[in-house]
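The primary structure of each chain is shown beneath.
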Amino acid sequence: MRNTEKQALIKVTDFDKLVNPDKVDEDVFIFDDIKSVTVDDTPVVIEMPIFVMCVQGSADIELNLKEYHVPSNSLVTLMPDHILHGYKHSDDFKGLFIAVSNRCVDELIPDILTALPAIMTFRNSPVVELNATEMDILKEMHSFLWMLVRSDVGLYKKKVVNGMLQSLLYTALSAYKSRNMYETVKRSRNEDIFFNFFTLLEHNFRQERSVQFYADKLCITPKHLSTVVKAVSGRTAGSWIDGYVILAAKVMLRSSANTIQEVSVALNFPNQSFFGKFFKQHVGMSPREYRLKNDHETN
């Protein structure tokens, strides 16, 4: 579904209008008050991962036409393209909220395949109850992250924030994995296709960037592969492929040992000019500009 069509049917989250969050650029939003957030008859599509810690009271939410109870001392993970149909909470409800852009998550978890089973559990079983220690750790992380976001810690503020976010993300993943939730959920045929696509992508993205290649390997049509990947993950197959390539390019460009030409060759682009256009289209700056920006931030 194209964005224009989707927006005609459902509202898209806009944190600056719904709440008054503290934020870093447009990548991290942190807040603890949703009293001004109401959900009417029009469902809301979630556009970025949102972590909600219920520290007091309880809530009930409806996601993708399924109802979930959120008790005290639990974690809710809302994923991109989750559709929120409504929610209600007890009078004494208190929650802590962190929203992170998809771009930021891709950089925070470079080994996405390792975390994929738990990430997919987020979509199918978004609520997990925490023990006292896990809850205390996440609350402290939220408090420290909020302090970082609000303060001026110098040139490395964003790197420090990203480091704390990475710790929080892996703590959340551990909470799901420790309960083996992703092992007890029987995968559907579409989820099997998606996992097999990811396995192929992990091993071939440096040489193959066409959806046709992966569809042929899975013995299905490119259209069917794209439909399945979009339905399961909320992103198109092409988006996942491009994301892997861009992430690998960024990693190599951060190392002065690789020339831009060498990066282009390593990722199987026909020439450096083509690589430059591809990189700028997805990142908003040329490979050279990205390298200079990263060198400046590091120094």
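Residues numbered from 1 in each chain as written. Predicted model: local features only at pLDDT ≥ 70, side-chain atom pairs only at ≥ 80, totals over all residues. Heavy atoms only, no water.

Caption draft 1: Just the packing of aromatic side chains, in detail. Inspection of the entire model under this criterion finds 15 aromatic pairs. Taking 5.1 Å as the distance between ring centres and 5° as the angle between the ring planes, the aromatic pair formed by Phe-31 and Phe-97 counts as stacked. On the criterion of sequence distance, the pair formed by Phe-31 in strand S3 (residues 28–31) and Phe-97 in strand S10 (residues 94–100) is long-range, its members being 66 residues apart. Taking the centre distance of 5.9 Å and the plane angle of 50° together, the rings of Phe-275 and Phe-279 count as tilted. A residue pair is termed a helical-turn pair when its members lie 3 or 4 positions apart in one helix, as Phe-275 and Phe-279 do in helix H13 (residues 272–283) at 4 residues. (Phe/Tyr/Trp six-rings, centres within 6.5 Å; stacked < 30°, edge-to-face > 60°. Helix = DSSP H or I, 4+ residues; strand = E, 2+ residues; numbered from the N terminus.)

Caption draft 2: Quick peek at the nonpolar core. Ranked by size, the top nonpolar core spans 35 residues in total, and within it Phe-194, Phe-197, Leu-201, Tyr-214, Leu-225, Leu-267 and Phe-275 carry the most contacts. Counting only elements with at least two residues in this core, the list comes to helix H8 (189–204), helix H9 (211–218), helix H10 (222–233), helix H11 (237–253), helix H12 (260–266) and H13. Ranked by residues supplied to this core, first place goes to H11 with 10 residues. Sequence-distant contacts of Tyr-214, that is, excluding residues within four places in its chain, are made with Phe-197, Leu-200, Leu-201, Asn-204, Phe-205, Glu-208, Leu-225 and Ile-241. If you look at the next biggest cluster of nonpolar residues, it comprises 28 residues, including Leu-96, Met-135, Leu-145 and Leu-165. (Core = buried A, V, L, I, M, F, W, Y, C linked by side-chain atoms within 4.5 Å. Buried < 20%, exposed > 50% of the residue type's maximum accessible area, 1.4 Å probe, protein only. Contact = heavy atoms within 4.5 Å.)

Caption draft 3: Just the packing of H11 against H13, in detail. One way to put it is that H11 packs onto H13 with a least axis distance of 11 Å and a crossing angle of 105°. Our classification of the angle between H11 and H13 gives roughly perpendicular. In contact with Asp-242, Val-245, Ile-246, Ala-249, Lys-250 and Leu-253 of H11, H13 contributes Phe-275, Phe-278, Phe-279, His-282 and Val-283. Partitioning the contact of H11 with H13 into residue classes produces 8 nonpolar, 1 polar and 2 charged. (Axes fitted to C-alpha atoms, helices over the stretch in contact; angles between N-to-C directions. Parallel < 35°, antiparallel > 145°, perpendicular 65-115°, else oblique. Nonpolar A, V, L, I, M, F, W, Y, C, P; charged D, E, K, R; others polar.)

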